[in-house]
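Here is how the chains run, residue by residue.
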Amino acid sequence: MKIGVLSLQGAVAEHIRMLEAAGATAVAVKKVDELEDLDGLVIPGGESTTISKLMHKYGFIEALREFGQARKPIFGTCAGAILLAKRINGQDDCHLGLMDIKVERNAFGRQKESFEVELPVAGVAADYPAVFIRAPYIMEVGEAGQVLAKYEEKIVAARQGHYLAAAFHPELTEDARLHQYFVDMVKEYRG
Ligand SMILES: NC(=O)CC[C@H](N)C(=O)O
């Protein structure tokens, strides 16, 4: 099983390390043709507008829509979740528009630009250390989706079939349980 980490911006090496800790082979993906033999993909955090520009420039928008539509699992963390979302609060357009969630960017305010809390994440852990950095939150999850975690009444992790979104940064901890959950999803969809 091989999982890619989109390598346009963000903590790519950290995601690779966590996926490998969860038993997968993981590779950095810089070009669309590298998607071909992958069973799943992680889209890391960073700045969603910057990553989106690079996605357009290198042909990833169409290629990742096809990847998702072929039921290959995608895990978006922080900016990655914004990129996956069908709706972004206050904006008319979205980026990939694959996952039926509505997100709000930079949702936790300046005074709390970055922080860590332990959260229960359904199916993953009762005490997952969630690191938030200028994080979005998920305002709505579509009917086919499932809320996995909340912080201060705000949804911060969700799943919809083969799509997984987290507002926080699971790669910046020593806890591989969320990556393990994604690796298990990839196994499930790979059959
Ligand atoms: N750490 C992150 O990925 C931050 C996301 C960023 N604030 C955005 O809107 O894209």
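Note that the structure is a prediction, hence the values are computed from the model and not measured. (Residues numbered from 1 in each chain as written. Predicted model: local features only at pLDDT ≥ 70, side-chain atom pairs only at ≥ 80, totals over all residues.)

**Q** Account for the overall build of the protein, naming residues and giving values.
**A** A count of helical and extended segments in the protein gives five helices and 12 strands. Against the globule reference of 16 Å for 191 residues, the protein gives a C-alpha radius of gyration of 15 Å, in line with a compact fold. Expressed along its principal axes, the backbone C-alpha trace of the protein runs to roughly 40 × 35 × 30 Å. Taking all 191 residues of the protein together, 46% fall into the buried category. Pairs at least 24 apart in sequence give 67% of the contacts found in the protein among residues at least 6 apart. (Helix = DSSP H or I, 4+ residues; strand = E, 2+ residues; numbered from the N terminus. Rg over C-alpha atoms; globule rule 2.2 N^0.38 Å. Buried ≥ 20, exposed ≤ 12 C-beta atoms within 10 Å, placed from the backbone. Contact = placed C-beta atoms within 7 Å.)

**Q** Give a detailed account of the UniProt feature "active site" (unreviewed entry) in the protein, specifying residues and quantitative values.
**A** Taken from the UniProt record, the annotation "active site" (unreviewed entry) applies to Cys78, His169 and Glu171. On the basis of their most widely separated C-alpha atoms, the annotated residues across 94 residues gather in one place, lying no more than 10.8 Å apart. Relative to the helices and strands, Cys78 is located in the loop between β4 (74–77) and α4 (79–84). Judged by the 30 C-beta atoms lying within 10 Å of it, Cys78 is buried. If we ignore the near neighbours within four places in the chain, the residues touching Cys78 are Gly45, Ile133, Ala135, Pro136, Ala167, Phe168 and His169. Here Glu171 shows up in the loop between β12 (163–166) and α5 (177–190). When near neighbours in sequence (up to four residues on either side) are disregarded, Glu171 contacts Ala11, Glu14, His15, Met18, Pro44 and Thr77. (UniProt positions renumbered as here; feature names shortened; annotations may be inferred.)

**Q** Describe the environment of Ala26, naming the residues involved and giving the relevant values.
**A** In this fold, Ala26 is placed in strand β2 (residues 25–29). In this view, Ala26 contacts Ile3, Val5, Ile16, Leu19 and Glu20; residues no more than four positions away in its chain are not counted.

**Q** Which residues make up the confidence of the model for the protein, and what values do they have?
**A** Fine structural detail should not be taken from predicted coordinates in areas where pLDDT scores are low. When pLDDT is averaged along the protein, the result is 97; 99% of the residues meet or exceed 70. In the predicted assembly, ipTM is 0.95 and pTM is 0.97. (pLDDT = per-residue confidence, 0-100.)

**Q** I'd like to hear about the environment of Lys86, residue by residue, with values.
**A** Mapped onto the fold, Lys86 is located in strand β5 (residues 85–88). On the neighbour-count criterion, Lys86 (16 C-beta atoms within 10 Å) is partly exposed. Sequence separation between Lys86 and Asp100 is 14 residues, and the spatial gap between their C-alpha atoms is 5.4 Å. Not counting the four nearest positions on each side in its chain, Lys86 is found in contact with Cys94, Gly97, Met99, Asp100 and Ile101.

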